[in-house]
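Chain by chain, the residues:
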Amino acid sequence: VQLVESGGGLVQAGGSLRLSCVASGRTFSSYAMGWFRQAPGKEREFVSAINWSGSRIDYADSVKGRFTISRDNAKNTVYLQMNSLKPEDTAVYYCATVSDSYYNHGGAGAMDYWGKGTQVTVSS
């Protein structure tokens, strides 16, 4: 399984970015997908997850109301729309998938495959 993220960059506080993650190597539409992030000196943390069909979505409290996860199973792609960005959102953002149709809230340790990450930097 390969996951390739894109869409990161430098943005001012209050701005927006959309991250994309293209998956290959197995049937994308069968599995849950997630976004995690890791800031310097901190542990990797959960951001958002979406089940196989898009009918169940979870967000970390820190991003609720600002970030939106979605998926296009025809394009093998999961997205993370990030609005109203804050400097504390600065991190490397990782796409991940689990070998289940639903995310089980197990955190980073529950995920089976990871992308290499894309840097998001929010300036104040």
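The text that follows walks through the structure, step by step, so that each part is easy to find. (Residues numbered from 1 in each chain as written. Predicted model: local features only at pLDDT ≥ 70, side-chain atom pairs only at ≥ 80, totals over all residues. Heavy atoms only, no water.)

Bringing the pattern of salt bridges into the picture now. Counted under the stated rule, the structure contains five salt bridges. Taking the shortest distance from any N to any O, the salt bridge between Asp89 and Arg37 comes out at 2.9 Å. With Asp89 in the loop between strand 8 (77-82) and strand 9 (91-97) and Arg37 in strand 4 (residues 33-38), this pair connects stretches of sequence that are 52 residues apart. Both residues of the pair, Asp89 and Arg37, belong to the buried class. (Salt bridge = Lys/Arg side-chain N within 4 Å of Asp/Glu carboxyl O. Helix = DSSP H or I, 4+ residues; strand = E, 2+ residues; numbered from the N terminus. Buried < 20%, exposed > 50% of the residue type's maximum accessible area, 1.4 Å probe, protein only.)

With that settled, consider the nonpolar core. One finds Met33, Trp35, Phe67, Val78, Leu80, Met82 and Tyr93 to be the most contacted residues of the largest nonpolar core, which totals 33 residues. Elements that contribute at least two residues to this core include exactly strand 3 (17-24), strand 4, strand 5 (45-50), strand 7 (67-72), strand 8, strand 9 and strand 11 (118-123). Once residues within four sequence positions are removed from consideration, Leu80 is found in contact with Leu17, Arg18, Leu19, Trp35, Val47, Ser48, Phe67, Thr68, Ile69 and Tyr93. (Core = buried A, V, L, I, M, F, W, Y, C linked by side-chain atoms within 4.5 Å. Contact = heavy atoms within 4.5 Å.)

We now examine the side chain of Asp58. Along the polypeptide, Asp58 turns up in strand 6 (residues 57-59). A polar contact of 3.4 Å, which involves the side chain of Asp58, links it to the side chain of His105. Those residues in contact with Asp58 that sit more than four places away from it in its chain are Phe46, Val47, Ser48, Ala49, Tyr103 and His105. (Polar contact = N/O pair within 3.5 Å; in protein donor to acceptor, adjacent residues only side chain to side chain.)

Turning our eyes to something else, we now look at the sheet that holds strand 3. Read across the open sheet, the four strands follow the order 1-3-8-7; overall the sheet is antiparallel. At either margin of the open sheet sits one strand with a lone partner, and together these are strand 1 (2-6) and strand 7. Adjacent strand axes in the sheet meet at a mean angle of 15°, parallel and antiparallel pairs treated alike. (Pairing = 2+ DSSP bridges. Axes fitted to C-alpha atoms, helices over the stretch in contact; angles between N-to-C directions.)

Attention now goes to the environment of Tyr93. Its location among the elements puts Tyr93 in strand 9. For the pair Tyr93 and Asn83, spaced ten residues apart in sequence, the C-alpha to C-alpha distance is 15 Å. Residue contacts for Tyr93: discarding those within four places in its chain leaves Glu5, Leu19, Trp35, Phe36, Arg37, Val47, Phe67, Leu80, Met82, Gly117, Thr118 and Val120. There is a polar contact of 2.6 Å between the side chain of Tyr93 and the backbone oxygen of Asp89.

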